[in-house]
Amino acid sequence: MSKVTVAKFGGTSVADAEAMRRCAAIVTQTANTRVVVLSASSGVTNLLVDLARGTLSAAEQEIHLKKLKTIQDNILSELGNPSLLRETMDGILKEIADMARQATQNSDAALEDRLVAQGELMSTRLFTEMMNQLGHKAVWFDVRKIMRTDSRFGRATPAIEAIHNLAQQDMAPLLKDHIVITQGFIGANADGQTTTLGRGGSDFSAALLAEALGVDELEIWTDVPGIYTTDPRLVKEAHPIPEITFSEAAEMATFGAKVLHPATLQPAVRKGIPVFVGSSKEPSAGGTWVRDTTESSPLFRAVTLRRNQILLTLHSPNMLHACGFLAQVFSILAKHGISVDLITTSEVSVAITLDQTGSSSTGRSVLHDGVLDELNAFCKVKVENDLALVALIGNRMSEVNGVGTQVFDAVSEHNVRMICYGASTHNLCFLVPESDASLVVQKLHQRLLGK
Ligand code: ADP
Ligand code: ASP
Ligand code: MG
């Protein structure tokens with residue numbers, strides 16, 4: 001077969017029939033796109049997450065269910081209400097209503113994942129019908145057959161080797177004659193129970209499938225024409241970056257550039273698959289190529305922001321000249337599946353930052369009483385909220401004189417904490433109060449990234 005591309009479309013790209021038609025045109029523009037990975041239509045996952053939490057009143061539940069039905073019905077009616085698909089969609093909506101009711105009585109993580117997964121199952125059904133009506137040979141594929149994960153509901157870890165084997169066995173043979181339409185975000189454990197990869201996980205799914213199938217390119221189609229120098233919603237002078245390295249883009253994704261799920265680039269890097277990020281609304285506007293190497297490697301490339309950080313300060317006199325204190329801390333966090341972002345230490349204390357929700361699908365807080373009790377048992381714990389993590393991304397940043405001065409001059413009026421610099425040549429990060437965050441990003445962008 002000639003070159004093969006996996007194309008992923010996000011929620012706004014499949015928000016309604018008109019948006020889906022634009023996706024269909026992008027997919028069929030070249031013969032290379034053989035796998036299409038979709039998110040749920042815009043707003044659907046949020047509604048499902050609310051239902052999955054099981055805390056809505058009966059009246060609120062009804063309103064949510066009605067909103068879901070309206071989004072699906074609008075697309076269905078544009079497709080001429082084909083009876084078979086109508087039946088399937090009504091069946092899914094009924095299942096959602098049943099599960100939502102169940103969640104109010106006794107919610108558990110497995111049920112939550114089964115519920116929030118329905119958005120992707122619906123959008124892919126609708127898009128497959130659209131592609132077939134347009135005369136293309138498209139086939140709907142339940143990704144749970146091949147997207148094998150562990151059982152950590154809400155933020156499951158993919159099993160790379162199993163996904164490779166299953167994708168080669170069950171999906172690869174279809175590509176010769178079909179365009180395969182499948183779901184992002186969702187997977188299944190070895191027992192066949194539905195899991196999810198965490199909010200925004202469809203980018204990651206697409207990259208995992210690209211890796212498993214060994215394709216030539218991955219396209220991420222979203223609502224902005226590429227990766228920008230910072231979030232364009234935050235800074236209107238932000239501009240698209242035509243080309244960026246895997247390392248820089250991975251740092252951006254990790255430190256808050258929502259345009260890519262943090263784990264997206266890992267599979268692409270493993271297989272050296274170039275990634276294109278573009279806008280499904282303006283496919284001709286170009287976008288960003290993420291590759292191994294780029295022509296330019298500026299000192300400052302971008303600035304990112306991640307809100308809702310927890311700062312955990314652990315204090316223990318036993319830490320002085322002792323071995324194994326940090327190992328103990330990290331083993332507790334690891335046991336609870338909590339990942340640490342920044343870390344600084346002093347003589348008798350260590351400070352670490354955590355993401356409030358760890359980006360789990362249903363937004364449960366990672367720092368529950370169980371973790372705190374275990375930490376409190378051997379050190380004094382202080383928890384601070386309302387902090388945001390700002391990261392400057394670039395090249396050779398720890399090798400060039402004066403980087404710190406340039407950065408901290410720009411934000412001298414703000415209370416900067418937890419500065420982390422030097423672990424990577426690609427970033428410099430710090431915490432600021434949540435209320436200062438937007439202004440700090442704007443000032444940094446203006447000073448260091450303005451055109
Ligand atoms: P999708 O639903 O297509 O996955 P997302 O909302 O997850 O889209 O990601 C796209 C959004 O990411 C943009 O609308 C933009 O506001 C935000 N964003 C944050 N940082 C950046 C950045 N550096 N470049 C581009 N977009 C960014
Ligand atoms: N639908 C999921 C979410 O809203 C996954 C995704 O869009 O990537 O988080
Ligand atoms: Mg996204």
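Residues numbered from 1 in each chain as written. Chains lettered and ligands numbered in written order. Predicted model: local features only at pLDDT ≥ 70, side-chain atom pairs only at ≥ 80, totals over all residues. Heavy atoms only, no water.

A closer look at the layout of surface pockets
Spelled out, the test is: Cavities and pockets were defined on a 1 Å grid built from protein atoms only: a cavity is a group of points that admits a 1.4 Å probe but offers it no way out, a pocket is an open group of points flanked by protein on both sides within 12 Å along at least five of seven lines, and a lining residue is one with an atom within 4 Å of any such point. Grid points are joined across faces, edges and corners, and a volume is the space filled by probe spheres set on the points. Under the convention adopted here, Pro, Cys and the residues Ala, Val, Leu, Ile, Met, Phe, Trp and Tyr are nonpolar, Asp, Glu, Lys and Arg are charged, and Gly plus all remaining residues are polar.
Of the voids in this model, the second largest pocket is the one considered here, and its volume is about 360 Å³. Forming the walls of the second largest pocket are 16 residues, and the residues nearest its centre are Arg152, Phe153, His336, Ser360 and Val366. Residues of the lining of the second largest pocket, tallied by class, amount to 4 nonpolar, 8 polar and 4 charged.

So, the sheet that holds strand 12 (residues 340-345)
This is how the line gets drawn: One bridge is not enough; two strands pair if DSSP finds at least two bridges between them. Where helices and strands are cited, they refer to DSSP runs of H or I of at least four residues and of E of at least two residues respectively, numbered from the N terminus. Axis definition: a line fit to C-alpha positions, over the contact stretch in the case of helices; interaxial angles, taken between N-to-C directions, run 0 to 180 degrees. Note on definitions: a residue-residue contact is assigned when non-hydrogen atoms from the two residues lie within 4.5 Å.
Pairing is antiparallel across the open sheet formed by 6 strands, whose spatial order is 12-13-11-14-16-15. Strands at the two margins of the open sheet, each flanked by one partner only, are strand 12 and strand 15 (417-421). Shown here is a sheet whose adjacent strand axes are inclined to one another by a mean of 30°, direction ignored. On the sheet, helix 12 (residues 369-376) packs against strand 11 (300-315) and strand 14 (380-394) and is oriented at approximately 105° with respect to strand 14.

Some remarks on the nonpolar core
Stated formally: What makes a nonpolar core is a set of buried Ala, Val, Leu, Ile, Met, Phe, Trp, Tyr and Cys residues whose side-chain atoms join them at distances within 4.5 Å. To sort residues, take the accessible area from a 1.4 Å probe on protein chains only and compare it with the maximum for the residue type: under 20% means buried, over 50% means exposed, and anything in between is partly exposed.
In this structure, Phe9, Ile96 and Phe127 are the most contacted members of the largest nonpolar core, which totals 106 residues. Per-element accounting of this core gives the leading share, 9 residues, to helix 4 (residues 83-106). Dropping the residues within four chain positions of it, Phe127 is found in contact with Met20, Cys23, Ala24, Val27, Val36, Leu38 and Ile181.

A word on the site of ligand 2
For clarity, the threshold we go by: One heavy atom within 4 Å of a molecule or strand is enough for the residue carrying it to be called near that molecule or strand. Distance and chemistry together define a polar contact, namely a pair of N or O atoms within 3.5 Å, with one atom able to donate a hydrogen and the other to accept it when in protein, and with adjacent residues in sequence counting only for side-chain atoms on both sides. Per-residue and other accessible areas were derived by the Shrake-Rupley procedure at a 1.4 Å probe size, with only the shown protein chains allowed to occlude residues.
Every residue close to ligand 2 is listed here: Ser39, Ala40, Thr45, Glu120, Phe185, Arg199, Gly200, Gly201 and Ser202. Separating an oxygen atom of ligand 2 from a side-chain N or O atom of Arg199 is a distance of 2.7 Å. Here an oxygen atom of ligand 2 and a backbone polar atom of Ser202 are 3.0 Å apart. Computed on the free molecule, ligand 2 has an accessible area of 270 Å², of which 85% lies beneath the protein chains in the complex. Within the shell around ligand 2, the residues separate by chemical class into 2 nonpolar, 5 polar and 2 charged.

Some words on helix 4
This is how it is decided: To estimate how far a helix should extend, the number of its residues minus one is multiplied by 1.5 Å.
Over its 24 residues, helix 4 extends 34 Å from the first C-alpha to the last, a length consistent with the 34 Å expected when each residue adds 1.5 Å. Taken residue by residue, helix 4 has Leu85, Met89, Ile92, Leu93, Ile96, Ala97, Met99, Ala100 and Ala103 as its buried positions.

Description of the pairing of strand 15
Alignment of strand 15 against strand 16 (residues 427-433), held across 3 bridges, turns out to be antiparallel. Each bridged residue has a counterpart across the sheet, and for Arg417 the counterpart in strand 16 is Leu431. Here strand 15 hands over to strand 16 after 5 residues, with Gly422 in that stretch at a positive phi of 110°.

Quick look at the pairing of strand 16
Burial runs high along strand 16: 6 of the 7 residues are buried. Examined bridge by bridge, strand 14 and strand 16 share 7 bridges and lie antiparallel to one another. Residue pairing for strand 16: Val390 is matched across the bridge by Phe430.

Digging into the environment of Leu51
Among the secondary structure elements, Leu51 is positioned in helix 2 (residues 44-53). Note on Leu51: relative accessible area 2%, which makes it buried. Sequence separation between Leu51 and Val116 is 65 residues, and the spatial gap between their C-alpha atoms is 8.5 Å. Look past the residues within four positions of Leu51 in its chain and what remains in contact with it is Leu56, Gln61, His64, Leu65, Leu68, Ile96, Ala100, Ala103 and Leu115.

Examining the site of ligand 1
Residues in close proximity to ligand 1 total 17 residues, the closest being Thr222, Asp223, Tyr228, Arg233 and Lys258. Here Lys258 contributes a side-chain N or O atom positioned 2.7 Å from an oxygen atom of ligand 1. Here ligand 1, which alone exposes 570 Å², has 90% of that area covered by the protein.

A short note on the UniProt feature "binding site: ATP" (unreviewed entry) in the protein chain
The criterion, for reference: UniProt positions are given in the numbering used here, feature names are shortened, and annotations may be inferred rather than shown by experiment.
In this numbering, the UniProt entry assigns the feature "binding site: ATP" (unreviewed entry) to Lys8, Phe9, Gly10, Gly11, Thr222, Asp223, Tyr228, Arg233, Lys258 and Val259. Within the secondary structure, Thr222 is located in strand 7 (residues 217-222). In this structure Thr222 comes out as buried when scored by relative accessible area, which is 14%. Every residue in contact with Thr222, bar those within four places of it in the chain, is listed here: Ser13, Val259, Val277, Gly278, Ser279, Ser280 and Lys281. Separated by 3.3 Å, the side chains of Thr222 and Asp223 make a polar contact. Its location among the elements puts Lys258 in the loop between helix 9 (246-254) and helix 10 (265-271).

Focus on the environment of Ser435
Counting through the fold element by element, Ser435 comes out in the loop between strand 16 and helix 14 (437-449). The spatial distance from the C-alpha of Ser435 to the C-alpha of Met252 is 21 Å, given a sequence separation of 183 residues. There is a polar contact of 3.4 Å between the side chain of Ser435 and the side chain of Asp436.

Focus on the pattern of salt bridges
Which entries qualify depends on this criterion: Counted as salt bridges are all cases of a side-chain nitrogen of Lys or Arg within 4 Å of a carboxyl oxygen of Asp or Glu.
In total, this model carries 24 salt bridges according to the counting rule given. We note a salt bridge from Arg21 to Glu78, for which the minimum N-O separation is 2.9 Å. With Arg21 in helix 1 (residues 17-29) and Glu78 in helix 3 (residues 58-78), this residue pair connects regions lying 57 residues apart in the sequence. Since its relative accessible area comes to 49%, Glu78 is described here as partly exposed. The salt bridge partner of Glu413 is Lys443, with a shortest N-O separation of 3.0 Å. Taken as a pair, Glu413 in the loop between helix 13 (403-410) and strand 15 and Lys443 in helix 14 lie far apart in primary sequence, 30 residues in all. Within the structure, one salt-bridge network assembled from shared partners comprises Lys69, Asp73, Arg86 and Asp90.

Quick word on helix 12
To keep things clear, this is the line we draw: To be clear, the arc concerns the directions from the helix axis to the C-beta atoms.
Buried within helix 12 are the following residues: Val371, Leu372 and Leu375. End-on view of helix 12: buried residues confined to an arc of 95°, all on one side of the axis. Of the residues in helix 12, the exposed ones pointing more than 90 degrees away from the buried face are Asp369 and Asp373. In this structure, the buried residues of helix 12 make contact with strand 11, helix 11 (325-335) and strand 14.

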